[in-house]
Structure formats: structure tokens, C-alpha cells
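Structure assessment
Residue strings, one per chain:
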Amino acid sequence: MDIDIVPLSSTQLRPVPVNGHGFGSVFSNRMFTQEYSEEEGWHNAEIGAYHSIELAPSTAVLHYGQAIFEGTKAYRRPDGDINLFRPWENMRRFNQSAQRMAMPQVDEEDHLNAILKLIELEQAWVPDAPGALYIRPVMIATDEALGVHASSRYLHYVIVGPVGSYFREGFNPIPVFISDHYVRAVVGGIGAAKTSGNYAASMLVGREAKEKGYSQVLWLDGVHRRYVEEVGAMNICFVYEGQQIVTPALSGSILPGVTRKSIITLGRDLGYEVREARIDVHEMLADIAAGKITEVFGCGTAAVIAPVGKFGYKGKEYIINDYQTGPVSRHLYKELTDLQYGHVPDPYGWTLRLPVNAAEPVF
Ligand code: PLP
Ligand code: COI
């Protein structure tokens, strides 16, 4: 893919803000875009100024929600170079999401190279640890027609921006509401795809949970409303007796997270027994009450690891580890972020190092 690099004018070159990034509200000066049509395939690949997108009111994505996205991060290493963490997994998942939503595939290597070029141009925007540059690839349907069918035209773009902590709480326990009525996804549906509708489906319960004093929602399976699936926009792990880690097996309605996959490998290598299993919410809550479950945490790119301090279910509360961040959560958080930031050597080949000021990445 040839990418047209459009020079920015001096007014488009905004300085990098210092500190206080929060999550997802500051974006860099440039973005990547390319368009798709059935006749031409992907074309018009360009990196230019971050800009608004003009869409006709009839544009397909605004009506029927054919939209997918990804989320990965670039981390500043102590030597100043930049690390990406398992970006190949995100490129693959983007195409899996596209497949489920009847959208066109993107060449995974081209997609990654576009991201690397964008980061190279925007390298000043990669903050030091504990911050990172969040990378958000998106694809939307752009046909202007109200007939319900897969669009024949699409826009693919990538925006990036510096981020700090995802949660107001930082790396501290969060209160979680268990939704016993509404579900996020069903097997056979779109839960395993990173598509906008899944997040739209979560908003109503998210708001209800906040009103009740909880910051996230635990999702149960869509058929029985009994088996644990995910927490907020994260996968979930339970720690038994401080040494066994159990996470819900991928059911078809769970998003297969890169962080989850990394914790399974890393956890085993660190000496924990890691299992993927079907987790019954009643047994899980009984195990918390009996003290067998010693920690619970969510895991995802944005927060890395988010300890759960308590669950609320049908009017009753279940406190985990005295509402404290536990040692296993801390251990995994440290090991994982050490790898991501290049604080330790990477024996897995998970990191892609982008030398500062160099045109070619070191694989
Ligand atoms: N589950 C959902 C619904 C998500 O949106 C995410 C975030 O991307 C995850 C799980 C965690 O996935 P990952 O670890 O790849 O960020
Ligand atoms: C994650 O990275 O864990 C997310 O779920 C990202 C979120 C902003 C959708």
C-alpha cells in the first residue's frame, strides 16, 4: 500500500499537551484514512491532519451500525524507543470483526504498516510510563442508502492519542454490578466481534449501575443469565486461594481479549495454575462468601488489570479481598506492564519495537 503523506500547515501542528490526559479525549495532529469500494478495493490511503468526517444523513453506518474498531497501545521504553504490544493480534481481530459484520478485509500487514507510519510521525505524542499512546483503528459503512444490506463502500481510519489511567480509581478496586436482566451478547450474535452495537447494548445497564453506585457491569450469558462472561469492556479472571486463575472459556459471545490471552500464557509461566472454564455466577458468589476466591480482576488493553472490590447481585453485596488490590493482580500487572514498556526482555516475541527516528521497525 502506498500512503500519501500530506504535510501539515503550521496551524494544524498543535503542541503535545503536558500531563493530565485521562482516557480518549486528546488526539494527535494526524490520522490515517483509506476508502473502499467494490470496484476499486482499498484506495486513497493517506496520512493527513486529524479532521472531522462529513457524512450524509443517509449514510449506512448511522442507521444500521455496520462499524468495527480496535484498541491497542504504543508504550515509551526507558531507552526512548517505542513498543507496540502484540499488534498482530489486533490486526487479526479487526478482520475477524469485519468478517462477522459483512465488511471487507484489510490487508493485515498494510494495516500495521499504516499504524507504524502514523506513530513514527506522531512519536512525540507517546507519553512516558505510566501513560501510553492509545491507537484506535475504525471501519464504517459509507453507502448513502436506507436499504438494509451490507454497504458497498467503507471508510477505514486510525486515530491516536495519549492516555493515562482508564478508571478514575486508577489501579484500585472497582465496584461491579451483576446484571441479572439485560445481557450484552448472545451466542450466534456479535459479542465476539469488536463492533459498536455491543457497546450500545451496554449503556443502559452501565447507567443503571452508576446510579446504584457501581462503576462497571458484570455480564452473564444471554441464554441462562447464569454463566459469567465479561466485566464492562474487559475480560474477567478469578483467583482461587491466591494461586489458581480461572477465566470464562470463550463461549462465542465473549470478546477474545489480547490481555486475557497474554495473562493465560504469562500466568502459567509465573507458576499459577490457569484454567478456562464455564463459571456459574451462584457458585462464584458462594466461593467469594466462603473466602475461596481471593481476588477478581478485569483485564483489557485500556486498564491492563482492574481489580474488582465487590459485586452487587440481586440486592446483596459480596466483598472481595477486603476491597483491596490483591497480590496476584499486582504481580500480573507488574509483569505485563514491564513487558509492554520494555522494562524487561521479552521472551515471547510479543513486542514490536519502533526505534525513535527510524523508518523501519525492529521485529
Ligand atoms: N471485552 C471487551 C468487550 C472489550 O471491548 C475489550 C477491549 O478491547 C476486551 C474484552 C479486552 O480485550 P483486549 O485485551 O484485547 O483489549
Ligand atoms: C479495553 O481496552 O479494555 C477496552 O475495552 C477499550 C474500551 C475503551 C472500549
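Placed above this text is the structure.
Throughout what follows, the structure given in this document is the object of discussion. (Residues numbered from 1 in each chain as written. Chains lettered and ligands numbered in written order. Predicted model: local features only at pLDDT ≥ 70, side-chain atom pairs only at ≥ 80, totals over all residues. Heavy atoms only, no water.)

1. Considering the site of ligand 1
- Around ligand 1 there are 15 residues in total, and Lys194, Tyr199, Glu230, Thr259 and Thr301 lie nearest to it.
- Coverage of ligand 1 by the protein amounts to 95% of the 390 Å² it exposes when considered alone.
- Broken down by secondary-structure element, the contributors of at least two residues to the shell around ligand 1 are helix H5 (258-269) and strand S15 (293-300).
- Tallied by class, residues from the shell around ligand 1 come to six nonpolar, five polar and four charged. (Near = heavy atom within 4 Å. Areas by Shrake-Rupley, 256 points an atom, 1.4 Å probe, with all protein chains shown as cover. Helix = DSSP H or I, 4+ residues; strand = E, 2+ residues; numbered from the N terminus. Nonpolar A, V, L, I, M, F, W, Y, C, P; charged D, E, K, R; others polar.)

2. So, the site of ligand 2
- In the vicinity of ligand 2, the contacting residues are Phe23, Tyr134, Arg136, Tyr166, Tyr199, Ala233, Gly300, Thr301 and Ala302.
- Within the contact set of ligand 2, an oxygen atom lies 2.7 Å away from a backbone nitrogen or oxygen of Ala233.
- Between ligand 2 and the protein, one listed contact pairs an oxygen atom with a backbone N or O atom of Ala302 at 2.8 Å.
- Out of a free accessible area of 290 Å², ligand 2 has 87% covered by protein chains.
- Classifying every residue of the shell around ligand 2 gives six nonpolar, two polar and one charged.
- For the shell around ligand 2, the two domains that each supply at least three residues are domain 1 (4-164 + 350-354) and domain 2 (174-325). (Polar contact = N/O pair within 3.5 Å; in protein donor to acceptor, adjacent residues only side chain to side chain. Domains from an automatic or database assignment.)

3. Section: the side chain of Asn29
- The topology assignment puts Asn29 in the loop between strand S1 (4-5) and strand S2 (30-37).
- Accessibility expressed as a relative area gives 5% for Asn29, which makes it buried.
- Setting aside residues no more than four positions away along its own chain, Asn29 makes contact with Leu8, Gln12, Leu13, Arg14, Gly48, Ala49, Tyr50, Glu122 and Trp125. (Buried < 20%, exposed > 50% of the residue type's maximum accessible area, 1.4 Å probe, protein only. Contact = heavy atoms within 4.5 Å.)

4. Examining the packing of aromatic side chains
- A full pass over the atoms with the stated rule returns ten aromatic pairs.
- Pairwise contacts between aromatic rings join Tyr36, Trp42 and Tyr154 into one cluster.
- Cation over ring: Arg278 sits above Tyr227, and NZ or CZ is 3.9 Å from the ring centre. (Phe/Tyr/Trp six-rings, centres within 6.5 Å; stacked < 30°, edge-to-face > 60°. Lys NZ or Arg CZ within 6 Å of the ring centre and 35° of its normal.)

5. Focus: the environment of Pro137
- Here Pro137 shows up in strand S7 (residues 132-141).
- Spatially, the C-alpha atom of Pro137 lies 35 Å from that of Tyr323, the residues being 186 residues apart in sequence.
- The residues contacting Pro137, other than those within four sequence positions of it, are Ile68, Phe69, Glu70, Gly71, Phe94, His111, Ile115, Tyr157 and Val158.

6. Section: unusual backbone geometry
- Pro130 follows Ala129 through a cis peptide bond whose omega is 5°.
- Located in the positive-phi region is Lys314, a residue other than glycine, with phi close to 50°.
- Tracing the chain through its elements places Lys314 in the loop between strand S16 (304-313) and strand S17 (316-319).
- Owing to a relative accessible area of 57%, Lys314 belongs among the exposed residues under this scheme.
- Notably, Tyr323 is not glycine yet its phi reads approximately 60°, a positive angle.
- By secondary structure assignment, the location of Tyr323 is in the loop between S17 and helix H7 (327-340).
- Judged by its relative accessible area of 28%, Tyr323 falls in the partly exposed class.

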